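The residues making up each chain are set out below.
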Amino acid sequence: MGVSSASDLSIMTIQLNNLTLTYDRHPAVHHLSTTIQKGEWLAIVGPNGAGKSTLLNAMAGLSAVDEGAIDGLQPDMVAHLPQQTQLDKSFPVTVFELVATGLWPHIGFAKPLNSEHYKKCESAIAAVGLQGFENRMINTLSGGQLQRSLFARVLLQDQPVILLDEPFNAIDTKTLADLTQVIRQWHQDSRTVIMVTHDLDYVREHCPEALLLARECIAKGASKTVLTSENLKRATRLSEAFDERNNWCLRGVA
């Protein structure tokens, strides 16, 4: 059980094999099996408490797998953008310093930046439209400005798999459009983008693939095919019927 790597990482297919996860000792994801192809832009959607963020954290290597396995994925292949609520915005750090932490996987956290590193940071900041904000403290930023900073950090991590947890909460329309363009570029570069979101209209408009989760997989495939009213109603019924007092290996009943 656990996170394992495929024998040929160049294929970059991620396989979830009979995956079962718990959160705070409660069942979160049950017996999930699916394949995510290299270069897929996949939205994970579902009702509140459906296990979406728990699944993303397991793929990031941040939480344990209770049963089954995640094959074809290693934590050092992943760039993870958590929800803003998980960040300590009072920490005394500037936009540039926050963005520069994206280089840590490559240079270590103790190594000083050289001129090439500075150029990369400046380029990432420019790519998300934050020129002139380099010396601003993060506790002075709006929600949209902070999210731009976090996207710049992910740009610097330069990984083949990108995990985004509710990346568009509490941001303005312009920021939404700009950051969507960043994701489109990742997708065009054949990076695998997996994002948790509650915005079904966004998924229908932008995300080619969707996974509808209600602790179990309701459907996976083209977003317009997955997000039917019938599937959404079934996800809601299954989520509401699920008894958290059950043993974690038991399935809910739709």
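Preceding block: the structure.
Below: a short report on this structure. Bear in mind the structure is a predicted one, so any value in this text is a computation, not a measurement. Sequence positions are assigned chain by chain, starting from 1 and proceeding in written order. Totals for whole chains, interfaces and linings use all residues, but because this is a predicted model, local features are given only for residues with pLDDT of at least 70 and pairs of side-chain atoms are given and counted only at 80 or more. Only hydrogens and water are removed before side-chain values are computed, so all heavy atoms of the structure are retained for them.

1. Some thoughts on the overall build of the protein
Selection criterion: The numbering of helices and of strands both runs from the N terminus, where a helix is a DSSP run of H or I of at least 4 residues and a strand a run of E of at least 2. Our radius of gyration is a C-alpha quantity, and the globule rule it is checked against amounts to 2.2 Å times the number of residues to the power 0.38. Note on exposure labels: buried denotes an accessible area under 20% of the residue type's maximum, exposed denotes more than 50%, and partly exposed covers the range between, all computed with a 1.4 Å probe on protein chains only.
A count of helices and strands for the protein gives nine helices and 10 strands. In terms of overall size, the protein behaves like a compact globule, its C-alpha atoms giving a radius of gyration of 19 Å where 254 residues would be expected to give roughly 18 Å. Expressed as lengths along the three principal axes of its C-alpha atoms, the size of the protein is roughly 55 × 40 × 35 Å. Across the 254 residues in the protein, those meeting the buried criterion constitute 48%.

2. Comments concerning the pairing of strand β10 (residues 216-222)
Stated precisely, the cut-off is as follows: Between any two strands, pairing holds if DSSP finds at least two bridges.
Pairing of strand β9 (residues 209-214) with β10 involves six bridges; the strand directions are antiparallel. What sits directly across from Leu 212, in β10, is Ala 219. In this structure, the hairpin formed by β9 and β10 is closed by a connection of one residue, where Arg 215 is found at a positive phi of approximately 70°.

3. Some thoughts on the packing of aromatic side chains
Heads up, the condition is: For this analysis, a ring pair means two rings from Phe, Tyr or Trp (six-membered ring only for Trp) whose centres lie within 6.5 Å, classed as stacked if their planes differ by under 30 degrees, edge-to-face if by over 60, and tilted for the remaining angles.
The final tally for this structure, using the stated rule, is three aromatic pairs. Aromatic side chains Phe 96 and Tyr 118 sit 5.3 Å apart centroid to centroid with 20° between the ring planes, which places their arrangement in the stacked category. Within this pair, whereas Phe 96 is found in helix α2 (residues 95-100), its partner Tyr 118 is found in helix α4 (residues 115-127), the two being separated by 22 residues in sequence. Classification of Phe 96 by relative accessible area gives buried; the value is 12%. Its relative accessible area of 41% is what places Tyr 118 among the partly exposed residues. Centroid distance Phe 168 to Tyr 202: 4.9 Å. Interplanar angle 50°. Geometry classified as tilted. Here Phe 168, found in the loop between β7 (161-165) and α6 (173-188), pairs with Tyr 202, found in helix α7 (residues 200-206); they are 34 residues apart in sequence, far enough to count as distant. For the pair shown, Phe 168 and Tyr 202 are each scored as buried.

Nothing here speaks to function; it is all geometry.
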